[in-house]
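Observations on the model geometry
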Amino acid sequence: MTTGTTMIPHSRPAIAQDEIDAVTDVLQSGRLAQGAVVERFERGLAAYLGVAGGVAVNSGTMALEVALRVLGIGPGDEVILPSYVCSAPWQAVQRVGAHARLVDIEPDTFQIDTGLARAAITSKTRAIIVPHLFGLPADLTALERLGVPLIEDCAQTLGALEQGRPVGSAGVLTGCSFYANKLLCAGEGGMVLSNDSVLLERARALREYDGAPALNPLASNLKMSDMQAAVGVAQLARLPELIARRVCLARQYHEALAGAAVTLPAVPSGRSHVYYRFVVRLSRIRSASDELSQCIGRLERQGMQCRKPVFRSLHRYLGLEGFSGSEAAEDTALSVPLYPALADDEAAQICLAMRNEWRRE
Ligand SMILES: *Cc1c(COP(=O)(O)O)cnc(C)c1O
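So, a few notes on the structure that sits alongside this text. Predicted model, so just to flag it, every value in this text is computed and none were measured. (Residues numbered from 1 in each chain as written. Predicted model: local features only at pLDDT ≥ 70, side-chain atom pairs only at ≥ 80, totals over all residues. Heavy atoms only, no water.)

A look at the site of the ligand
The ligand sits among S59, G60, T61, C86, A88, D153, A155, Q156, S177, K182 and G189. Note that an oxygen atom of the ligand is positioned 2.9 Å from one of the side-chain N or O atoms of Q156. Starting from 380 Å² of accessible surface for the ligand in isolation, the protein chains cover 88%. Across the shell around the ligand, the residue classes tally to three nonpolar, six polar and two charged. (Near = heavy atom within 4 Å. Polar contact = N/O pair within 3.5 Å; in protein donor to acceptor, adjacent residues only side chain to side chain. Areas by Shrake-Rupley, 256 points an atom, 1.4 Å probe, with all protein chains shown as cover. Nonpolar A, V, L, I, M, F, W, Y, C, P; charged D, E, K, R; others polar.)

In structure tokens form, the structure reads like this:
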């Protein structure tokens, strides 16, 4: 069936002439390191999210680590985070020496469960890391009512709204990632954003040590280069258009799969979805994880590469029990290719393959 067809990759960056020109300009300027373009990227993304400022760093993982450090979180403190997420938030919590308290997710939205987060709060809790997974906001309004500082993890979600406000504007701090496969990519890179100028100043002091008034043992070199920021600035200018293309593709997939034997992404009222990932759920009929890998194989033979959207839940790495929502997601969630660089005929091929796979008997 795939003879003569090339495999549609699970993800692919949307690089246009604007990005190429922007990097060329930086290369020709002779100023490659952190400078004016990084500052422009910081101001631009802060304005996009509606917050006071941002501090660009070298990865999303470091953005989360810096966010924890500027809040003074360290040994003896606890940070709540969901189990069903990539390992980055857990790594950040480990690196500052705090204890990660894992909680389960809401089974239908994949987002952190507010009730379970409330139950996990102790006298040592200093923050909740709130990832907005796959392009859908977590329930920020409910989480805010818990009265614990929120660190939003916007690595997978920018431009989505929760009760009318953009994700990334509600937390005391927000971390972003610009890794090559993210919604807004720069190859590698991250940013810490906040409305609090004191916290932003502390983040800046951790990012670099040159020119500091005194030696700071916690400072490091976490800088982003102007070459990466140039890609970021160009992507940011196109972000509304890139997101509109994602939403348009998602609509096509929803239509193609209407009535199909698979659960489509849920969008609770009061939230908008920007479809960083289009994640469907298989019904749990046969031996779950086998069924998932067989399904990935069948779709691959139809010319499209699918993935488990989270490689392994944190509680499984750590051998913890009692995370049925995360386990169901891990056993049944499948991410199909959806990104602005998909051509119309590729999207049509994907719709056809998915209809074949999930046709009702
Ligand atoms: C990618 C990602 C990160 C980490 O970003 P890096 O830039 O790869 O370090 C953090 N959190 C989430 C939810 C991510 O998807």
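Some words on the nonpolar core
Of all hydrophobic cores here, the largest spans 41 residues; its most connected members are L68, I73, Y84, V93, F110, I129 and I151. Of all the secondary-structure elements, those providing two or more residues to this core are β1 (53-57), α3 (60-70), β2 (78-82), α4 (88-95), β3 (99-103), β4 (125-131) and α7 (197-207). Counting residues per element, this core draws most heavily on α3, at seven residues. Discounting chain neighbours no more than four positions away, the residues touching I129 are L64, L68, V79, I80, L81, P82, P89, V93, I112, I151 and D153. Formed by 31 residues, the second largest nonpolar core is a distinct cluster that contains C154, L183, L184 and L239. (Core = buried A, V, L, I, M, F, W, Y, C linked by side-chain atoms within 4.5 Å. Buried < 20%, exposed > 50% of the residue type's maximum accessible area, 1.4 Å probe, protein only. Helix = DSSP H or I, 4+ residues; strand = E, 2+ residues; numbered from the N terminus. Contact = heavy atoms within 4.5 Å.)

Some points on the environment of V130
In this fold, V130 is placed in strand β4. For V130 and V336, which are 206 residues apart along the polypeptide, the C-alpha to C-alpha distance reads 24 Å.

Regarding the sheet that holds strand β8 (residues 173-177)
Within the open sheet, the seven strands sit side by side as β1-β9-β8-β5-β4-β2-β3. Their pairing is mixed. With partners counted over all chains shown, the strands left at the sheet margins are β1 and β3, one partner each. Recorded for the sheet is a direction-independent mean angle of 25 degrees between the axes of neighbouring strands. Here β4 pairs with strand β5 (residues 150-153) via four bridges, running parallel. Each residue of the ladder has a partner; that of P131, found in β5, is D153. Packed onto the sheet, α3 meets β1, β2, β4, β5, β8 and β9 (190-194) and runs at close to 165 degrees relative to β8. (Pairing = 2+ DSSP bridges. Axes fitted to C-alpha atoms, helices over the stretch in contact; angles between N-to-C directions.)

Interpretation in functional terms is not warranted from these geometric data alone.
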